[in-house]
Amino acid sequence: HAGDAMRTDLMTITRYVLNEQSKRPESRGDFTILLSHIVLGCKFVCSAVNKAGLAKLIGLAGETNIQGEEQKKLDVLSNEVFVKALTSSGRTCILVSEEDEEATFIEPSLRGKYCVVFDPLDGSSNIDCGVSIGTIFGIYMVKDFETATLEDVLQPGKNMVAAGYCMYGSSCTLVLSTGSGVNGFTLDPSLGEYILTHPDIKIPNKGKIYSVNEGNAKNWDGPTTKYVEKCKFPTDGSSPKSLRYIGSMVADVHRTLLYGGIFLYPGDKKSPNGKLRVLYEVFPMSFLMEQAGGQAFTGKQRALDLIPTKIHERSPVFLGSYDDVEDIKALYAAQEKTA
Ligand code: P6P
């Protein structure tokens, strides 16, 4: 029976990546090795997050990270795990982590041709209340890794060779794109393997959900204010959109990717560039959205065309279903005209 065939023909993430690699005869398997180390990091963090409630890992590590937020032990642990895993892979030359003020330059003997930008545990303010959190990562390839500099990391998101996230929630789901579509894998703890559960994810062209922190409405600019107004009081006779906002980017983006709709983190009077970081939040999620048939916009341009000048730079972002993002782009374009 077909069902039986599926049960015994498990497509693991490792097998999936090897299949991808076999399509590139020139590939020497470096990417496969890099990805296997990222997957190892995700498995470790998934296990630590699930045990956190019991192992009293929750609570402040007493240090504060460069964002001025108090670091929880899981943040510190997750960051160390990924830095160690990526370094030991021997396939990276520069690492940028949300938790580290400076980029990490890998020692020459262990260098490889990839730069990895990542947020080891995004949404960590939600750890104590059990809301889903996640790891977000993006991968650039550098021309000459022996002499790699920060310039090799300050590239537009469209130059990424891969991006993904791992969400630690009711199940541990790793969503990945290596540039030819988006696939979702769910960790089977009994096997310790990520199994393909969401092949070739495509985001619906239009959705019924908008996702934004309405608490910032007082400070929004005209186009965002108008767009949210249209979501709540549509003038074309359609029904109002539902508001879903979890406050953990990985969870909000995952729902948007699967159900459709739009996620917004706009800039405002207080923070004109919004809150989300370009390299390891905006770019990876924008990369995935485009690969799934959606799009991502900064209020001024296609998000993936942005060229960052600093590794912790922020940008506003509007991402999700193609048609929904078109609607807010039209409002920003209209503002440009009257400006
Ligand atoms: P706000 C979590 O701290 C985070 O970085 C993202 O995961 C999330 O989308 C955003 O901040 C939530 O920010 O200002 O709405 O609480």
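Residues numbered from 1 in each chain as written. Predicted model: local features only at pLDDT ≥ 70, side-chain atom pairs only at ≥ 80, totals over all residues. Heavy atoms only, no water.

Where an unreviewed UniProt entry is consulted, the protein chain appears under the name Fructose-1,6-bisphosphatase, cytosolic, with the organism given as Spinacia oleracea. Listed in UniProt under the heading Catalytic activity (unreviewed entry), the comment for the protein chain reads: "beta-D-fructose 1,6-bisphosphate + H2O = beta-D-fructose 6-phosphate + phosphate". Comment text from UniProt for the protein chain, heading Cofactor (unreviewed entry), reads "Mg(2+)". (UniProt positions renumbered as here; feature names shortened; annotations may be inferred.)

Under the counting rule described, the total for this entry stands at seven aromatic pairs. Taking the centre distance of 6.0 Å and the plane angle of 50 degrees together, the rings of F82 and F118 count as tilted. Of this pair, F82 sits in helix α4 (residues 73-88) while F118 is found in strand β5 (residues 111-122), placing the two residues 36 residues apart along the sequence. There is no split in this pair, since F82 and F118 are both buried. The interplanar angle of 10 degrees and the centroid separation of 6.5 Å between the aromatic rings of Y245 and F263 together place this pair among those described as stacked. You can see Y245 sitting in the loop between β12 (242-243) and α6 (249-259) and its partner F263 sitting in strand β13 (residues 262-265), a full 18 residues away along the chain. When its relative accessible area of 2% is taken as the criterion, F263 is described as buried. (Phe/Tyr/Trp six-rings, centres within 6.5 Å; stacked < 30°, edge-to-face > 60°. Helix = DSSP H or I, 4+ residues; strand = E, 2+ residues; numbered from the N terminus. Buried < 20%, exposed > 50% of the residue type's maximum accessible area, 1.4 Å probe, protein only.)

In this section: the pairing of strand β3 (residues 92-97). Burial within β3 is extensive, with six of its six residues counted as buried. Sheet topology places β3 next to β5; six bridges connect them, and they run parallel. Paired with I94 across the strands is C115, a residue of β5. In the sheet, β3 pairs with strand β4 (residues 104-105) via two bridges, with the strands oriented antiparallel. (Pairing = 2+ DSSP bridges.)

Moving on to unusual backbone geometry. Positive phi, close to 50 degrees, is recorded for D200, a residue that is not glycine. When you line up the elements, D200 lands in the loop between β10 (193-198) and β11 (209-211). Looking at D200, the relative accessible area reads 47%, which means it is partly exposed.

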